[in-house]
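Tertiary structure, described
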Amino acid sequence: MSNREFTLVRIFDAPRDLVFRAWIEPDQIAEWAGPHGFTTRRDSIVAEPVPGGRYESIMVSDTDGTEYRNVGRFREIVEPERLVFTWGDPTGDGGPERDSVITVTFTEVGDGKTAMNFHLLAPGPLSPDDSAAYGWGQSLDRLAHIL
């Protein structure tokens, strides 16, 4: 299996600090994390935004109640410029050796707007249907609506 990767870029009509904080504050994460048709339970979110700190959350299908656990560790935090963390594909069946590495950078682009670059590098296929790019894209669309 070869590594898989993708990059998503968004321009948010919000200051960089606000966009950055949406990634590390549980109340905000609960508002946008997960694709359409899913809810991330606020009581399930743990975010320890320090190198080595963990994060956890549970996404719940609004249709049938199926739960998907997300877990990872922060590797690098340069506030408000950059986040690097691991991500265990919630639809996958592997352990830490199957974790993806996500790098998110935040750049001021003027007029109070922020360019966000999201890059995911995964060891092999992300899941049987390999829909991670689609799901993350929908999550970022949801993030745009709350900023």
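Being a predicted model, the structure only gives us computed values, none of them experimental. (Residues numbered from 1 in each chain as written. Predicted model: local features only at pLDDT ≥ 70, side-chain atom pairs only at ≥ 80, totals over all residues. Heavy atoms only, no water.)

Some details on the overall build of the protein
- Helix and strand counts for the protein come out as three helices and eight strands.
- Looking at the protein as a whole, 42% of its 147 residues are labelled buried.
- Within the protein, contacts between residues at least 6 apart in sequence are counted, and of these 51% link residues at least 24 apart.
- Taken as a whole, the protein presents about 7600 Å² of accessible surface, with 50% of it coming from carbon and sulfur. (Helix = DSSP H or I, 4+ residues; strand = E, 2+ residues; numbered from the N terminus. Buried < 20%, exposed > 50% of the residue type's maximum accessible area, 1.4 Å probe, protein only. Contact = heavy atoms within 4.5 Å. Areas by Shrake-Rupley, 256 points an atom, 1.4 Å probe, with all protein chains shown as cover.)

Section: the pattern of salt bridges
- Going through the model one piece at a time under the given rule, you end up with twelve salt bridges.
- The shortest N-O distance in the salt bridge between Asp 13 and Lys 113 comes to 3.9 Å. You can see Asp 13 sitting in the loop between strand 1 (4-12) and helix 1 (16-22) and its partner Lys 113 sitting in strand 8 (residues 113-122), a full 100 residues away along the chain.
- The class for Asp 13 is exposed, based on a relative accessible area of 59%.
- For Lys 113, a relative accessible area of 33% gives the class partly exposed.
- Between Glu 56 and Arg 69 there is a salt bridge, and its shortest N-O distance comes to 3.5 Å. Of this pair, Glu 56 sits in strand 4 (residues 54-61) while Arg 69 is found in strand 5 (residues 67-78), placing the two residues 13 residues apart along the sequence.
- If you follow the salt bridges from partner to partner, you end up with Glu 48, Arg 54, Glu 56 and Arg 69 in one network. (Salt bridge = Lys/Arg side-chain N within 4 Å of Asp/Glu carboxyl O.)

With respect to the side chain of Thr 86
- Positionally, Thr 86 belongs in strand 6 (residues 82-87).
- Using a relative accessible area of 8% as the deciding quantity, one classes Thr 86 as buried.
- A distance of 2.8 Å separates the side chain of Thr 86 from the backbone nitrogen of Arg 73, its partner in a polar contact.
- When near neighbours in sequence (up to four residues on either side) are disregarded, Thr 86 contacts Tyr 55, Val 71, Gly 72, Arg 73, Arg 75, Asp 99 and Ser 100. (Polar contact = N/O pair within 3.5 Å; in protein donor to acceptor, adjacent residues only side chain to side chain.)

Some thoughts on the pairing of strand 4
- For strand 4, the buried fraction is high: six of the eight residues fall into the buried class.
- Pairing of strand 2 (residues 38-40) with strand 4 involves three bridges; the strand directions are antiparallel. Within the sheet, the bridge partner assigned to Phe 38 lies in strand 4 and is Ser 61.
- Sheet analysis places strand 3 (residues 46-47) next to strand 4, joined by two bridges and oriented antiparallel. Looking at strand 4, one finds that Val 46 is bridged to Glu 56.
- Counting the residues in the hairpin turn of strand 3 and strand 4 gives six residues, including Gly 52, whose phi is positive at 90°.
- Judged from the seven bridges that link them, strand 4 and strand 5 form a sheet pairing that is antiparallel. (Pairing = 2+ DSSP bridges.)

Some thoughts on the environment of Glu 48
- Relative to the assigned elements, Glu 48 resides in the loop between strand 3 and strand 4.
- Looking at Glu 48, the relative accessible area reads 32%, which means it is partly exposed.
- On a C-alpha basis, the gap between Glu 48 and Ile 24 in space is 7.8 Å, while along the polypeptide they are 24 residues apart.

Limitation: the analysis is restricted to geometry and does not speak to function.
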